[in-house]
Amino acid sequence: MADYQLYCFAQSGNAYRAALMLNLIGADWKPVWVDFFAGLVQRTAEFRTDINEMGEVPVLAHGDKKLTQSAVILNYLGKRSGKFMPQGEDEELEALRWIVFDNQKVNGFLGPYRFINNWAKPRPDQAVFNFLKGRIDANLAIVNKRLEKAPYLLGGRPTIADISMVAYLYYPADEFGFDIRKDHPAVSEWLDRVKALPGWAHPYDLMPGYPFGTSLLNGKPAP
Ligand SMILES: N[C@@H](CCC(=O)N[C@@H](CS)C(=O)NCC(=O)O)C(=O)O
């Protein structure tokens, strides 16, 4: 059995943060596919009792621990591996600041936007898209400005703040209906730098369930 099991699915940028970190640190890990679309497994009482009371992925199982919230998982894996960690109190606070901003305002809006654009039924009113898009543009502009000054969010080297921030940014532009790389050139160059790190892989190659398949949690093999 692998050291780490990650409950995830390919379309989840929140889970991608954890999967990418596991790959970048060279961890021995295996995905456990949560069939978000077909089964709504994460909404079952069984999932909420045994796996995550919050009803979300990612969940990282390691020994007796089951960790949730990608920020917590990144911090745990960073501390255990000694890789991608901020150094000293100032950097730690700075990393936390960007991770919270990301969770709430960058990928916290991008994830729902992509979800409703591709999968929500019924499709929400255009006003919902307009509201989210306005927030996305403004917040990505803040990240872009930051990355015009330094190669990574905290300066010269990649940290868990960068691994958090990339969450949804490698998914295809047509899933959003707009091109993040074209609109935010410094973000695009930074995405290329992160992509060049040894161990990088695209979310659709790293996690099971793309395009769609059957769930390990339903007792069938993942694709
Ligand atoms: N802040 C959480 C967000 C996790 C999250 O929203 N995950 C989604 C999948 S991308 C989920 O499991 N949603 C369950 C649901 O909406 O029922 C994190 O960073 O881990």
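Residues numbered from 1 in each chain as written. Predicted model: local features only at pLDDT ≥ 70, side-chain atom pairs only at ≥ 80, totals over all residues.

**Observations regarding the pairing of strand β1 (residues 4-8)**
Within β1, four of the five residues are buried, which leaves it mostly tucked inside the rest of the structure. Taken together, the five bridges between β1 and strand β2 (residues 29-33) define a ladder with parallel strand orientation. Each bridged residue has a counterpart across the sheet, and for C8 the counterpart in β2 is W33. A crossover links β1 with its parallel partner β2, the connecting element being helix α1 (residues 13-24), and its sense is right-handed. (Buried ≥ 20, exposed ≤ 12 C-beta atoms within 10 Å, placed from the backbone. Helix = DSSP H or I, 4+ residues; strand = E, 2+ residues; numbered from the N terminus. Pairing = 2+ DSSP bridges. Right-handed = clockwise from strand over helix to strand, strands pointing away.)

**Points about the site of the ligand**
Surrounding the ligand, one finds S12, N14, Q42, R43, G55, E56, V57, P58, Q69, S70, N103 and G111. For the shell around the ligand, the class distribution of residues is two nonpolar, eight polar and two charged. (Near = placed C-beta within 6 Å. Nonpolar A, V, L, I, M, F, W, Y, C, P; charged D, E, K, R; others polar.)

**A closer look at the pairing of strand β3 (residues 59-62)**
Where β1 and β3 come together, four bridges link them in antiparallel fashion. Along β3, the bridge assignment pairs Q5 with A61. Sheet analysis places β3 next to strand β4 (residues 65-68), joined by four bridges and oriented antiparallel. Looking across to β4, one finds that V59 is bridged to T68. A loop of two residues connects β3 with β4, the two strands running antiparallel in sequence, and G63 in this loop sits at a positive phi of about 60°.

**Things to note about the sheet that holds β1**
Read across the sheet, four strands follow the order β2-β1-β3-β4 without closing on themselves; strand pairing throughout is mixed. One side of each edge strand has no neighbouring strand; the edge strands of this open sheet are β2 and β4. Strand-to-strand twist of the sheet, defined as the mean angle between neighbouring strand axes without regard to direction, takes the value 25°. Relative to the sheet, α1 contacts β1, β2 and β3, its axis offset from that of β1 by approximately 155°. (Axes fitted to C-alpha atoms, helices over the stretch in contact; angles between N-to-C directions. Contact = placed C-beta atoms within 7 Å.)

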